[in-house]
Amino acid sequence: MARRIIGSLTILLIIAGIVFANPALKDRVSGWLPAFLVAETAKSGDTEKSKLRPVPVRVAVARTGPVATYLEGVGTVKARSTVAIKSRIEGQITEAMVREGQTVHKGDVLFRLDPRPLKAKVKEVQAILARSQASHGKAIADVKRLSNLSAKGYSPQTLVEEAKTQVDILAATVRASAAEVELAQLNLDYATIASPIDGRVGRILITPGNVVKPNDTQPLLIITETKPVYVSFGVPEQNIDIIRARMAEAELLVAVSTQASPAPVATGRLFFINNQVDTTTGTIELLAQFDNVDERLIPGQFIRARIHLSTVENAVLSPRRAVQINQNGHYLWVVLHNDTVEQRSIVTGPDSDDNISILKGLAPGERVVTDGQLKLFLGARVQINDETESQKKQDQP
């Protein structure tokens, strides 16, 4: 009995195989076959048809053009100069001559202190100087008088020597008094606090009415130089030699972008390479100077810097979205003349906007798939969309 069942199943499977191989016969005998065999037959037929159906894709044409070589890094904007304004004398602030956020120039008056005690001090030391000068004049006259008497034998020589010593002492006193007058006048000048640099004023931290002292920990305000500014950023240490070589040939330009604006907002020049590498990150600090006339860059702001090293002419360019990657590296799907595709390994180079340069593996004029790569396999036929054809024309030079 078991042998009869096995023999029947074997005959049935042979018949099913013949049906799979002959679609016309399958249609004629499908009514006599079990349902599961008919389903498998239909599924197999659909798979074969799907393999033959062209895959809709979009393509672009590889072209040649210039592409710039850049070196990128991240960093911050730094002020070239920042000054914390403090009083150099003790006194009460009577007037603030500046507003918060105001742009000031070197020599502009910022604050005034009460000058009355200082003016009184100037008058006091001037009086002391006058008294010292009078005493010094009298001593000189005494030396002349005693010298005449000594010459006639009416006065001993020791008195003359003592008078000369007194003249020297009073001359030193006059110089000391003059220094006191100069110091008092200088303190009076310090009652007017002026800006030492060009820059922008921050918050006013000590308001009029408060008493300030020399070397207070709290400054009156902080002035930051904003035109020009420095940009500090780091690049990998292996790029030091090429940067130095380019700096020796010509001025290197640095373009920066901010978090608010991905496009470059300013262009400056590289002027400094630090003298040591940061061992924790393997990078070296670079400094670039920006005129910052419009003050788009603010000290402390996070930026992304890009150095223009060189420009490669007549590079083979492909849209960035056409480049795929697997365990073997980068590759492209290239459309051949018979509208089939092949997978081609490539070597990529510098990129430019939405295009990337192909150093090896692609020739100008070849078509590459930019959309629909997931459905492709080696030798697959493709159907190029009309929309893509217009895009191909736009990509041509």
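Here goes a summary of the coordinates provided. Because the structure is predicted, anything quoted here is derived from the model rather than measured.

What counts, and where the lines are drawn
Residues numbered from 1 in each chain as written. Predicted model: local features only at pLDDT ≥ 70, side-chain atom pairs only at ≥ 80, totals over all residues. Heavy atoms only, no water. Helix = DSSP H or I, 4+ residues; strand = E, 2+ residues; numbered from the N terminus. Contact = heavy atoms within 4.5 Å. Buried < 20%, exposed > 50% of the residue type's maximum accessible area, 1.4 Å probe, protein only. Pairing = 2+ DSSP bridges. Core = buried A, V, L, I, M, F, W, Y, C linked by side-chain atoms within 4.5 Å. Polar contact = N/O pair within 3.5 Å; in protein donor to acceptor, adjacent residues only side chain to side chain. Salt bridge = Lys/Arg side-chain N within 4 Å of Asp/Glu carboxyl O. Phe/Tyr/Trp six-rings, centres within 6.5 Å; stacked < 30°, edge-to-face > 60°. Lys NZ or Arg CZ within 6 Å of the ring centre and 35° of its normal. Axes fitted to C-alpha atoms, helices over the stretch in contact; angles between N-to-C directions. Parallel < 35°, antiparallel > 145°, perpendicular 65-115°, else oblique. Left-handed = near helix turned anticlockwise from the far one by under 90°. Nonpolar A, V, L, I, M, F, W, Y, C, P; charged D, E, K, R; others polar.

### Quick notes on the overall build of the chain
When you go through the chain residue by residue, the secondary structure sums to seven helices and 22 strands. Sequence separation of 24 or more characterises 73% of the internal contacts of the chain that already satisfy a separation of 6 or more.

### Comments concerning the environment of Ile-240
Inspection of the secondary structure puts Ile-240 in helix H6 (residues 240–249). Here Ile-240 falls in the buried class, since its relative accessible area comes to 14%. When near neighbours in sequence (up to four residues on either side) are disregarded, Ile-240 contacts Val-277 and Ile-284.

### Some remarks on the sheet that holds strand E9 (residues 211–212)
In space, the four strands of this open sheet follow the order E7-E6-E4-E9, with antiparallel pairing throughout. Looking at which strands have only one partner, the edges of the open sheet turn out to be strand E7 (192–194) and E9. For strand E4 (residues 91–96) and strand E6 (residues 109–113), the ladder comprises three bridges, and the chain directions are antiparallel. Counted as the bridge partner of Ala-96 is Phe-111 from E6.

### Digging into the nonpolar core
Counting residues in each nonpolar core, the largest one holds 27 residues, and the members touching the most others are Leu-110, Phe-111, Leu-221 and Ile-223. When residues of this core are traced back to their parent elements, those giving at least two are strand E3 (82–85), E6, helix H4 (116–151), helix H5 (157–190) and strand E10 (221–224). Discounting residues that sit within four places of it in the chain, Leu-110 has contacts with Ile-85, Glu-95, Ala-96, Met-97, Val-98, Val-104, Ile-193, Ala-194, Ser-195, Leu-221 and Ile-223. Core analysis: the second largest hydrophobic core is formed by 24 residues, Val-231, Ile-240, Ile-243 and Ile-284 among them.

### Structural notes on the side chain of Glu-225
Mapped onto the elements of the fold, Glu-225 is located in the loop between E10 and strand E11 (229–236). Of the residues examined, Glu-225 reaches a relative accessible area of 8% and is grouped as buried. Separated by 2.8 Å, the side chains of Glu-225 and Arg-80 make a polar contact. When sequence neighbours within four positions are dropped, the list of residues in contact with Glu-225 reads Ala-79, Arg-80, Ser-81, Ile-197, Asp-198 and Gly-199.

### Notes on unusual backbone geometry
Here the bond from Lys-227 into Pro-228 is cis, since omega is 0°, no more than 30 degrees from zero. A positive phi angle is found at Asn-215, which is not glycine, with a value near 60°. Within the fold, Asn-215 resides in the loop between E9 and E10. Asn-215 sits in the exposed class, given a relative accessible area of 70%. One non-glycine residue with positive phi stands out, namely Glu-295, at about 55°. Relative to the helices and strands, Glu-295 resides in the loop between strand E14 (283–290) and strand E15 (302–319).

### Quick look at the pattern of salt bridges
Side chains that differ in charge, positive against negative, can pair when their charged atoms come close. Going through the model one piece at a time under the given rule, you end up with 12 salt bridges. The shortest N-O distance in the salt bridge between Glu-225 and Arg-80 comes to 2.8 Å. Placement of Glu-225 in the loop between E10 and E11 and of Arg-80 in the loop between strand E2 (63–79) and E3 is noted, with a sequence separation of 145 residues between them. Here Arg-367 and Asp-339 are joined by a salt bridge, their closest N and O atoms 3.3 Å apart. Taken as a pair, Arg-367 in strand E21 (residues 367–371) and Asp-339 in the loop between strand E17 (329–335) and strand E18 (341–345) lie far apart in primary sequence, 28 residues in all. With relative accessibility at 17%, the residue Arg-367 sits in the buried group. On the accessibility criterion, Asp-339 (28% relative accessible area) is partly exposed.

### Re the environment of Glu-162
Mapped onto the elements, Glu-162 comes out in helix H5. When its relative accessible area of 53% is taken as the criterion, Glu-162 is described as exposed. Considered as a pair, Glu-162 and Val-143 are 19 residues apart in the sequence and their alpha carbons are 8.8 Å apart.

### What about the sheet that holds strand E5 (residues 103–104)?
Strand order in the open sheet formed by four strands is E3-E10-E8-E5, with antiparallel pairing between adjacent strands. On the outer flanks of this sheet lie E3 and E5, each paired with one strand and no other. In this structure, E5 lies alongside strand E8 (residues 199–201), joined through two bridges in antiparallel fashion. Within the sheet, the bridge partner assigned to Val-104 lies in E8 and is Gly-199.

### Notes on the side chain of Ser-257
With respect to the helices and strands, Ser-257 occurs in strand E12 (residues 253–258). In this structure, Ser-257 is in contact with Pro-262, Ala-263, Pro-264, Val-265, Ile-303 and Arg-304, ignoring residues within four places of it in sequence.

### Overview of the packing of aromatic side chains
In the structure shown here, the tally under the stated rule is two aromatic pairs. Both rings, one in Tyr-230 and one in Phe-271, keep their centres 5.1 Å apart while their planes meet at 45°; by these two values the pair is tilted. You can see Tyr-230 sitting in strand E11 and its partner Phe-271 sitting in strand E13 (residues 266–278), a full 41 residues away along the chain. Sitting over the face of the ring of Tyr-70, Arg-306 holds its NZ or CZ atom 3.8 Å from the ring centroid.

### Describing the packing of H4 against H5
Two elements in contact, H4 and H5, have axes separated by 8 Å at closest approach and are oriented at 165°. The orientation of H4 with respect to H5, classified from their angle, is roughly antiparallel. Here H4 runs over H5; the crossing is left-handed. For the contact of H4 with H5, the class distribution of residues is 20 nonpolar, 13 polar and four charged.

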